Structures are given as C-alpha cells and as structure tokens.
Amino acid sequence: MQSLISSEDHFALFAIMCGTSVFGMWAEGKKWAMNIAGMVFTILLMALLGYVKLVPVPTPSSSVPIYDFAFTYVVALAIPLLLFNANIRRIIQEAGPLLIAYLLGGVGVILGALLAYLLIEIPEEGGKLTGVFISTFIGGSVNFLATSEILGFSQSPRFITAMAVDNFIFSLFIAGLFALPTLSLIQRYFIIEPREESIEQKESLESQPISQVQGISLQSLTTCLAIAGAIAGLGVQIGQILTEVIQRLFQTKISMDLLVITLLITLVANTFPKVMQQLEHTAFTLGMFFLYFFLAAIGASSDPGQIFATGPEVFLFATIILVVHLSFLLLAAKIFGIGIKTLAIASSANVGGPGVSAPMAAAMGLPSRITPAILIGILGYVIGTFIGVSVGVWLG
C-alpha cells in the first residue's frame, strides 16, 4: 500500500519531519511527558505516521531521498556542531567507563543471542540469524549487510524480514534508552549522572528546552554552519581515502567519515578554544535540531506492520537478545557503579553505532562523552562483523 505522501514529496516530508521535531521539543517541557526526552516523542510519532501510511517507509528496494539525506549529511554536520567545546582532557577521562560499559554490552548481546538460538527454532537458518543479529547489535546496522553476505543469509527469504525487524526494534530500543534515566525505578536503584555544565556558562543550554534557547545571531549561525560544513567536507574526503585503504588491506569496508570528522573538530576546538566557545551556544542549538531531524528519519524507517505480518519469530528472536543485553548491562551497572546515562550511551553504540551514540550523549546532557561515544561506535564496526560471522559459522 502506497503512503499518502510519496517518497518524492520532499518538501512535504521535510515539513512533517520538522513538525514532529517541534512536537518533541514542545512535549519535553510538559508535565505529562514525565521528563522523557523530546527525541523519544519524535521517533515514536514518525514511526506511527509511517505505520498508518501517511509517510513512506523505506525498503531494501525503495529508498526515501530525504531520509537518506538525513543519514548521510545531517549527522555529519551535527557531530562537529555539538563538539565546538570539545575538551581533550575530559574526553580521555570519560573514555574509560564508556569503553567498559560498551564491552559489557557486547557480552550481553552474545549471551542474549545464544539464549534466543536455544529458545526460538528457526529451521536451517538459526545459526546464520544469530550471527547477523550479533553483528548488528554489537556494531550497528552497518555490519548487518556485511555479515549477511558473508554467511549467505542475504539470499534467504527471511533476509528482508530480518532487516525490517532490525530497523523497527532498533528505533523502539533507542527510544527506550532515551527514556531510561527518567524511570522512577531506575532513579531509585541506579546512579543518574547530572547534566554537564560548561565552565564558561552560568546556565547550560542543555538544561532548558531547545525551543527556549535565545541569543542566536545571523552571523553566529552562518559562521557555525561554515565551520561545520568545512570540517564535514574535509572529514568525508579523508574518511573515504582511509576507507578504501582499509578495504584493500583487510578486505572489509568500514566507514571512517565520522571518526575523521570527530578528530578534526576536536583539533580545531582545542587549537582555537576562545573562538569556538563563543560560538558554542549557537552551534549546540543548531546541532540539536539536526539530531531531532535525524531521529525523525530513524522513526520513519521502521515498519511494525511488515514485521508482525511476516516474521513474529524473528521479532521475538531479536527481542530476547536486546532484553538480555540491557538486563546484563543493568546488572553490571549495579555491581560496578556505572551511571545509567553512560550505560545508555554505550548500549546505543552497541545497537546503533557512532551515528546514534553521539546523539545519545548529547541528548543525555553529557557533551564530553560525544567523542568517546563515536570512538567506541567505530570499534563496533571493527569487531561486530568478526564476532557475528564467527558465531554464525560455529552454529552452522
């Protein structure tokens, strides 16, 4: 069934994505929202609009250009905008706990996948499906296609269903992670890190709804876009070269764009700290808008109707993995004193990769962890496919 708004109605889709972003920003400050991050409402509303066929949902055979634009360009601009005040000392300090949480999250994924393999019978392809889901939930969806191709799962009739499940449950799980620190049960028994406050700012922008941020001038807005655009453009060019080199040397394709962009903005921020700090208010506000827009595209890319119609057992398989993954992380957080926001960032790096873990760190009010979040997400690219393929071959 065709959606009411086609994938070629770019301006209509742009308006709807901005509208759902505004709704999320507005809802964040309301009492009925129970302090849940506005991005959760944006994701879920776009998923609902896709489900009722108001907006198009992409498939392996038909993409939606404006969603592709968000995935390709918006994140590349958002990352530098959110790191105008990147502090190398704090980045090093924050990397350790986040890396530990990420690795523990990977162990949780493997345990969950093995449990799902034992509980859910998938005739002939249970081992392959286990390997594919391990790879995508350790390194993000980038590894889904690579592992599917290596294990021969891409020719399976369950391939499209598994991809739909991956997209839908990913959106649902990320929305849950955004809401995790607001749950009363979590607040009672776990550590909730406070939002960070910039030394130069009496009142952090992150402590107020994005819609209420003031003091943005045309000059500062244009300057921020020019700097972010230049860094993103240079980062993509260098990243593509590095990607090709890695592919030739190791016969694997790993996108290096976000990593290079992160390194470049960190270098600029620490070389010209006074200039970048003066622009931080504007850059952060603009970067947060880009994140809302990006997450609207994520929400619209899920299709619960297709999942429940064609593959409930695959959906249950993935659900078991993520339930065990999160439960294992919560247990580890309790034992080792890991904060819930750190846990959420690490888990988003497991399930979604650096393109999601960085927005998660920003939304959690922990900008010093944006760079470590990207680094561990890149690590997931490296190890996710290897672990997934190894388990898939082992289970046969």
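Predicted model, so just to flag it, every value in this text is computed and none were measured. (Residues numbered from 1 in each chain as written. Predicted model: local features only at pLDDT ≥ 70, side-chain atom pairs only at ≥ 80, totals over all residues. Heavy atoms only, no water.)

What follows is about the overall build of the chain. Across its full length, the chain holds 17 helices and 0 strands. Burial analysis of the chain (396 residues in total) assigns 56% to the buried set. For the chain, long-range pairs separated by at least 24 residues make up 80% of all intrachain contacts whose partners lie at least 6 apart in sequence. Of the accessible surface of the chain, which amounts to about 17,500 Å², a share of 66% is contributed by carbon and sulfur atoms. (Helix = DSSP H or I, 4+ residues; strand = E, 2+ residues; numbered from the N terminus. Buried < 20%, exposed > 50% of the residue type's maximum accessible area, 1.4 Å probe, protein only. Contact = heavy atoms within 4.5 Å. Areas by Shrake-Rupley, 256 points an atom, 1.4 Å probe, with all protein chains shown as cover.)

Here helix 14 (residues 312-336) crosses helix 15 (residues 340-352) at 145°, and the two axes come no closer than 11 Å. By crossing handedness, the relation of helix 14 to helix 15 is classed as right-handed. For the pair helix 14 and helix 15, the contacting residues are Leu322, His325, Leu326, Leu329, Leu330 and Ala333 in the first and Ile340, Leu343, Ser347, Asn350 and Val351 in the second. Here the residues of the contact of helix 14 with helix 15 are counted per class, giving 8 nonpolar, 3 polar and no charged. (Axes fitted to C-alpha atoms, helices over the stretch in contact; angles between N-to-C directions. Left-handed = near helix turned anticlockwise from the far one by under 90°. Nonpolar A, V, L, I, M, F, W, Y, C, P; charged D, E, K, R; others polar.)

Turning next to unusual backbone geometry. Even without being glycine, Lys53 reaches a positive phi, approximately 65°. Locating Lys53 in the fold gives a position in the loop between helix 2 (38-51) and helix 3 (65-82). Take Lys53: its relative accessible area is 25%, and that puts it in the partly exposed class.

What follows deals with the confidence of the model for the chain. Scored by pLDDT, the chain comes out at a mean of 83, with 85% of its residues at no less than 70. Helix 14 holds the highest mean pLDDT among the elements of the chain, 93, whereas helix 13 (residues 304-310) holds the lowest, 60. Confidence drops under a pLDDT of 50 for residues 198-214, and excluding neighbours within four residues, the segment shows 30 contacts in the predicted structure. (pLDDT = per-residue confidence, 0-100.)

Let us look at helix 14. The end-to-end C-alpha separation of helix 14 is 36 Å, in line with the 36 Å expected for 25 residues at 1.5 Å each. Gly337 sits one or two positions beyond helix 14 and adopts a positive phi of about 70°. (Expected span 1.5 Å × (residues − 1).)

With that out of the way, let us pick up the side chain of Ser348. By secondary structure assignment, the location of Ser348 is in helix 15. Residue Ser348 is classed as buried on the basis of its relative accessible area of 0%. Within the local environment of Ser348, its side chain forms a polar contact with the backbone oxygen of Ile345, the two atoms lying 2.7 Å apart. Contact partners of Ser348, with chain neighbours within four places excluded, come to Ile174, Leu177, Gly353, Val356, Ser357 and Met360. (Polar contact = N/O pair within 3.5 Å; in protein donor to acceptor, adjacent residues only side chain to side chain.)

What follows concerns helix 3. With 18 residues, helix 3 ought to run about 26 Å at 1.5 Å a step, and its terminal C-alpha atoms sit 25 Å apart, in line with that. A bend of about 35° at Val74 is the largest found in helix 3. Turning to helix 3, its buried residues number three or more, namely Ile66, Tyr67, Ala70, Val74, Val75, Ala76, Ala78, Ile79, Pro80, Leu81 and Leu82. (Bend = angle between axes of the 7 residues up to and from the residue.)

Core analysis: the largest hydrophobic core is formed by 124 residues, its most contacted members being Met46, Tyr67, Phe133, Phe137 and Phe178. The leading source of residues in this core is helix 12 (residues 280-300), at 14 residues. Once you skip the residues sitting within four places of it in the chain, Tyr67 turns out to touch Leu13, Met17, Met46, Val55, Pro56, Pro58, Ala297, Ala300 and Ser301. (Core = buried A, V, L, I, M, F, W, Y, C linked by side-chain atoms within 4.5 Å.)

So, on to the environment of Leu82. Its place among the elements puts Leu82 in helix 3. Accessibility expressed as a relative area gives 6% for Leu82, which makes it buried. Once the C-alpha coordinates of Leu82 and Thr282 are considered, the two residues, 200 residues apart in sequence, prove to be 9.8 Å apart.

Time to look at a nonpolar patch on the surface. Taken together, the side chains of Leu48, Tyr51 and Val52 define a hydrophobic patch exposed on the protein surface, amounting to about 300 Å² of accessible area. Looking at Leu48, the relative accessible area reads 46%, which means it is partly exposed. (Patch = residues over 30% accessible without salt bridge, like charges linked within 9 Å, V, L, I, M, F, W, Y side chains within 5 Å. Salt bridge = Lys/Arg side-chain N within 4 Å of Asp/Glu carboxyl O.)

With that settled, consider the packing of aromatic side chains. A complete count under the given rule lists 9 aromatic pairs for this structure. Relative to Phe41, the ring of Phe23 has its centre 6.4 Å away and its plane inclined at 90°; by these criteria the two rings are edge-to-face. You can see Phe23 sitting in helix 1 (residues 10-28) and its partner Phe41 sitting in helix 2, a full 18 residues away along the chain. A relative accessible area of 30% means that Phe23 is categorised as partly exposed. For the ring pair Phe289 and Phe290, a centre distance of 5.7 Å and an interplane angle of 45° mean the geometry is tilted. (Phe/Tyr/Trp six-rings, centres within 6.5 Å; stacked < 30°, edge-to-face > 60°.)

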